[in-house]
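Here's the letter readout for the chains.
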Amino acid sequence: SRRPDYVSDCHYNREFDFTSMFGELKHLNSYDQLDLYRIAYFCQKTMHENGLKMSLGFQTKRDKMRFFAMQEQFGIDFFIEIANTHVPLRRNDVRKMLLDLDGYSRLSYLQRNYC
């Protein structure tokens, strides 16, 4: 498809302004490399079209999520992995998620300050 599985839109005065995050959701045992290229493409496109300092993306694999940031430095677009987290599917998985709070905090900081 032409659109990612997930988008997070930003609004200004109740009007759509831009999309700041993209994601691909899969119930697979392994990450799909093509999905990663798609996330990078959407992040790069929105960053340049909207004059953002950074855009974020994520990729899921069952109960795991990988978060990425696209940022331009020295005229080069860098796409880096910034956090790995777990999604709790059962009550026992909540402990794993709590161990990932540092990653969620980092994502929140980047979203507020750079996107």
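Here, every reference points to the structure presented above.
The rules behind each value
- Residues numbered from 1 in each chain as written.
- Predicted model: local features only at pLDDT ≥ 70, side-chain atom pairs only at ≥ 80, totals over all residues.
- Heavy atoms only, no water.
- Helix = DSSP H or I, 4+ residues; strand = E, 2+ residues; numbered from the N terminus.
- Rg over C-alpha atoms; globule rule 2.2 N^0.38 Å.
- Contact = heavy atoms within 4.5 Å.
- Areas by Shrake-Rupley, 256 points an atom, 1.4 Å probe, with all protein chains shown as cover.
- Lys, Arg positive; Asp, Glu negative; His and termini not counted.
- Charge placed at Lys NZ, Arg CZ, Asp CG, Glu CD.
- Buried < 20%, exposed > 50% of the residue type's maximum accessible area, 1.4 Å probe, protein only.
- Pairing = 2+ DSSP bridges.
- Phe/Tyr/Trp six-rings, centres within 6.5 Å; stacked < 30°, edge-to-face > 60°.
- Patch = residues over 30% accessible without salt bridge, like charges linked within 9 Å, V, L, I, M, F, W, Y side chains within 5 Å.
- Salt bridge = Lys/Arg side-chain N within 4 Å of Asp/Glu carboxyl O.

Scanning the protein for helices and strands turns up three helices and five strands. Seen in sequence order, the protein has helices and strands lined up from the N terminus as β-β-α-β-β-β-α-α. Its C-alpha radius of gyration of 15 Å places the protein within 12% of the 13 Å reference for a compact globule of 115 residues. Dimensions of the protein along its principal axes, counting C-alpha atoms only, are 40 × 30 × 30 Å. Taking the contacts inside the protein whose residues are at least 6 apart along the sequence as the reference set, 43% of them involve residues at least 24 apart. Carbon and sulfur atoms form 51% of the exposed surface of the protein, whose accessible area is close to 7,700 Å². Distance between charge centroids for the protein: 7 Å, based on 17 positive and 15 negative side chains.

Moving on to the side chain of Thr-85. One can find Thr-85 in strand β5 (residues 76–86). When near neighbours in sequence (up to four residues on either side) are disregarded, Thr-85 contacts Asp-63, Lys-64, Met-65, Phe-67, Asp-100 and Tyr-104.

Glancing now at the environment of Ala-83. Along the chain, Ala-83 falls in strand β5. The buried category is assigned to Ala-83, whose relative accessible area is 7%. Sequence-wise, Ala-83 and Leu-107 are 24 residues apart; in three dimensions their C-alpha atoms are separated by 7.7 Å. Look past the residues within four positions of Ala-83 in its chain and what remains in contact with it is Met-65, Arg-66, Phe-67, Gly-103 and Arg-106.

Examined bridge by bridge, strand β3 (residues 54–61) and strand β4 (residues 64–73) share eight bridges and lie antiparallel to one another. Directly across from Gln-59, in β4, lies its bridge partner Arg-66. Bridge analysis of β4 against β5 gives 10 bridges, and the strand direction is antiparallel. Bridging from a neighbouring strand, Met-65 pairs with Thr-85 of β5.

According to the stated counting rule, one finds five aromatic pairs in the structure shown. Consider the rings of Phe-58 and Phe-67, whose centres lie 5.7 Å apart with planes at 45 degrees: the pair is tilted. Pair check on accessibility: Phe-58 and Phe-67 agree, each one buried. Every member of this aromatic cluster is reached through a ring pair, and the members are Tyr-6, Phe-58 and Phe-67.

Let us look at a nonpolar patch on the surface. On the surface, a nonpolar cluster with roughly 270 Å² of combined accessible area is contributed by Ile-76, Phe-78 and Ile-80. Along the chain, Ile-80 falls in strand β5. Assessed through its relative accessible area of 45%, Ile-80 is described here as partly exposed.

Phi at Arg-14 takes a positive value of approximately 65 degrees, unusual for a residue other than glycine. Locating Arg-14 in the fold gives a position in the loop between β1 (6–12) and β2 (15–24). Judged by its relative accessible area of 82%, Arg-14 is exposed.

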